[in-house]
Amino acid sequence: MDKMQQQNVALVAGASGIVGRQLVKTLLHNGWEAIGLSRQALSHPDGIPVVNVDLLDAKDSARALQSLSRVTHLFYSAWVNAANWTEMVEPNVTMLRNLVSTLEKTAPLQTVSLMQGYKVYGAHLGPFKTPARESDPGVPGAEFNAAQLAWLSQFQQGKRWHWNAIRPGVVGSAVPGNTMNLALSIALYVSLCKALGLPLRFPGSEQTWHSIVDYTDAGLLAEATLWAATSPAAQNQAFNVNNGDIWRWSELWPRIARWFELDSAPPVRLSFHQLFTDYRGVWRDLAGEGLVEADILQLSDGQFADFVFSWNYDMFGDGSKLRRSGFTRMQATDEMFFSLFAQLRAARIIP
């Protein structure tokens, strides 16, 4: 380990999430020291220290963060939910503000990396301009990712540290128990179809079946995030981060069916959340054959998958700015899904 690596101390807000878990692994693999943040007093699967803090509370933030005097890089992927997009803005901006404004007073901060998404392009509102590019103008209306970056970029002016904003597509991960894990939800659905002797039907509309979507492998995302945190070319810049290919479900879905050795059938609009609820007993029987979790709803409630399969419009961004700036790794999306399914099977999460 060289001297520069020894000086890199990462603080990861959201270290247990679908993005943060893989980021921590990548940081540790590259010789970084990593510290997690959590609102609850939880341990981390990779054994890193975790600081318990309520970032909504400025006083508690000051108390909990005062000892973090060695942090050089902040990776922010935490968020708090609310009833609607408008109500999500204030608490999510407050959390980021309390963390950054406190940390910069006590630590030799070099970079703040903000995890975002295609919502900054209006993707959550309905059809939007594709491919989405980092240079696209902002979208009117309340949205916390855009509000966070507006605050962060203004607050950073005149400071010695820099920011970057990372915008992945749908993230592919093998982390269980996270509702935003699309690959896991698909794997659970396929497993139920196999157990019931049913072909694999695409659960979206005909328009969704033919729409174009991009994806972001969690490992690739972590490596790109690490690159952006240490590259001068990424200072005060936003980057779309995707695998580098795009797919229509009509092309990808039959490949998924073949990997699981299932026939595919015409699309039918289905709710994963309803299916997982209806078939909890079926899953319990499957789990009796040696799976790690008997309650399918503890693995995924299916609601994020329902959201994804409700998109009857294209959902993809231009990832070329990232590659032109120096990060060149790409990932075939079909192979990403197959790898994730194999990992889920090896971990006995699916049969």
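Predicted model, so just to flag it, every value in this text is computed and none were measured.

Caption draft 1: Main features of the environment of R269. By secondary structure assignment, the location of R269 is in the loop between β13 (264-265) and α10 (272-278). For the pair R269 and S205, spaced 64 residues apart in sequence, the C-alpha separation works out to 5.7 Å. Ignoring anything within four residues of it in the chain, the contact list for R269 reads P203, G204, S205, D306, F309 and S310. At a separation of 2.8 Å, a polar atom in the side chain of R269 contacts the main-chain carbonyl oxygen of P203.

Caption draft 2: Examining helix α2 (residues 20-29) more closely. Considered for burial, the residues of α2 that qualify are G20, R21, L23, V24, T26 and L27. Where α2 is buried, its residues meet β1 (9-13), β2 (33-38), β4 (73-76) and α8 (218-230). With its phi angle positive at about 85°, G31 sits one or two positions after the end of α2.

Caption draft 3: Structural detail: helix α9 (residues 249-259). Every buried residue of α9 is accounted for by W249, L252, W253, P254, I256 and A257. Two residues or fewer past α9, E261 is found with a positive phi of approximately 60°.

Caption draft 4: Broad picture of the sheet that holds strand β3 (residues 50-52). Read across the open sheet, the seven strands follow the order β3-β2-β1-β4-β5-β6-β11; overall the sheet is parallel. Each edge of the sheet is formed by a strand with only one pairing partner; in this case those strands are β3 and β11 (237-241). Across the sheet, the mean angle separating the axes of adjacent strands is 20° when strand polarity is ignored. In this sheet, β3 lies alongside β2 in parallel orientation, the contact comprising three bridges. The partner of S38 across the bridge, within β3, is N52.

Caption draft 5: Main features of the nonpolar core. Membership of the largest hydrophobic core comes to 54 residues, with the highest contact counts inside it found for L182, I186, W249, W253 and W283. Those elements giving two or more residues to this core turn out to be α6 (182-196), α9, α10, α11 (280-287), α12 (296-299), α13 (303-308) and α15 (333-346). With 10 residues, α6 is the largest single contributor of residues to this core. Not counting the four nearest positions on each side in its chain, W283 is found in contact with L188, S191, L192, L291, E293, A294, D295, I296, L299, I349, I350 and P351. With 36 residues, the next largest nonpolar core counts A13, L55, Y76 and L114 among its residues.

Caption draft 6: Here's a closer look at the confidence of the model for the protein chain. Mean pLDDT over the protein chain stands at 94; residues scoring 70 or higher make up 98%. Scored below 50 in pLDDT, residues 1-5 shows four contacts in the model against residues more than four places distant or in partner chains.

How each quantity is defined
Residues numbered from 1 in each chain as written. Predicted model: local features only at pLDDT ≥ 70, side-chain atom pairs only at ≥ 80, totals over all residues. Heavy atoms only, no water. Helix = DSSP H or I, 4+ residues; strand = E, 2+ residues; numbered from the N terminus. Contact = heavy atoms within 4.5 Å. Polar contact = N/O pair within 3.5 Å; in protein donor to acceptor, adjacent residues only side chain to side chain. Buried < 20%, exposed > 50% of the residue type's maximum accessible area, 1.4 Å probe, protein only. Pairing = 2+ DSSP bridges. Axes fitted to C-alpha atoms, helices over the stretch in contact; angles between N-to-C directions. Core = buried A, V, L, I, M, F, W, Y, C linked by side-chain atoms within 4.5 Å. pLDDT = per-residue confidence, 0-100.

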